[in-house]
Amino acid sequence: MKTVITFGTFDLFHIGHLRILERAAKYGDKLIVGISTDKLNFSKKGFNPVFPQEDRRDIIASLSFVDKTFFEESLEMKGEYIKEHKADILVMGSDWAGKFDEYKSICEVVYLPRTTGISTTQVKQKVIEMEKFHFSEL
Ligand code: C2G
């Protein structure tokens, strides 16, 4: 019985998010997802996610292959979360490659390639451009 843990903001849930969670689930028998809180996002990016943490958590928790969710309050607490949830494998996207190697002493650490051509930032930009086009047509 292997437990996989992964972390993310998962704002404006999109196909890249779905794909990494699907692939993470295949590394074990149980998938646990830490959802970055609004406060953590504000502290690391300087702005709040579009969707509040409870909504982001509920969307992830509704996926059939996600067994458990919790709020990730701090990036530095990863080791504690890994131990608390008895995770055997930490899976993260390749944008974090090498960043969590220190946890190799307590679990396996796997970085998976990101899905190309999509990100929350790109979705936001696309909506802004579509809005501009829409209003210029009026
Ligand atoms: N992801 C992906 N492909 C994309 C976009 C994202 O595989 N096109 C992956 C990221 O690599 C990450 C996960 O989806 O593993 C969640 O991405 P974000 O919501 O952007 O997460 P982030 O804000 O980077 O928070 O402790 C780490 C943080 O909680 C990660």
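An account of the accompanying structure is given in this report. (Residues numbered from 1 in each chain as written. Predicted model: local features only at pLDDT ≥ 70, side-chain atom pairs only at ≥ 80, totals over all residues. Heavy atoms only, no water.)

**Side note on the overall build of the chain**
Argument step 1. For the chain, the count of helices and strands is five helices and five strands.
Argument step 2. For the chain, the spread of C-alpha atoms along the three principal axes comes to 60 × 30 × 30 Å.
Argument step 3. Buried positions account for 41% of the 138 residues belonging to the chain.
Argument step 4. Carbon and sulfur atoms make up 55% of the accessible area of the chain, which totals about 8,100 Å².
Argument step 5. Charge separation in the chain, taken as the distance between the mean sites of 20 positive and 21 negative side-chain charges, equals 3 Å. (Helix = DSSP H or I, 4+ residues; strand = E, 2+ residues; numbered from the N terminus. Buried < 20%, exposed > 50% of the residue type's maximum accessible area, 1.4 Å probe, protein only. Areas by Shrake-Rupley, 256 points an atom, 1.4 Å probe, with all protein chains shown as cover. Lys, Arg positive; Asp, Glu negative; His and termini not counted. Charge placed at Lys NZ, Arg CZ, Asp CG, Glu CD.)

**Notes on the sheet that holds strand β1 (residues 3–8)**
Argument step 1. One open sheet holds the five strands; their spatial order is β3-β2-β1-β4-β5, and the pairing between them is parallel. Of all the strands in the sheet, just β3 (68–72) and β5 (108–112) have a single pairing partner and so form its edges. For this sheet, the mean angle separating the axes of adjacent strands, direction not counted, is 25 degrees.
Argument step 2. Across five bridges, the pairing between strand β4 (residues 89–93) and β5 is parallel. (Pairing = 2+ DSSP bridges. Axes fitted to C-alpha atoms, helices over the stretch in contact; angles between N-to-C directions.)

**Observations regarding the pattern of salt bridges**
Argument step 1. This model, assessed by the stated rule, comprises six salt bridges.
Argument step 2. When the shortest N-O distance is used, the salt bridge between Arg-56 and Asp-38 registers 2.6 Å. Residue Arg-56 is located in helix α3 (residues 53–61), and its partner Asp-38 is located in helix α2 (residues 38–45); the two are separated by 18 residues in the primary sequence. Accessibility assignment for this pair places Arg-56 and Asp-38 in one class, buried.
Argument step 3. Across the pair Asp-58 and Arg-57 runs a salt bridge whose closest N-O atoms are separated by 2.8 Å.
Argument step 4. Asp-58 gets classed as partly exposed once you look at its relative accessible area, which sits at 44%.
Argument step 5. For Arg-57, a relative accessible area of 24% gives the class partly exposed. (Salt bridge = Lys/Arg side-chain N within 4 Å of Asp/Glu carboxyl O.)

No statement about biological role is implied by the geometric values presented.
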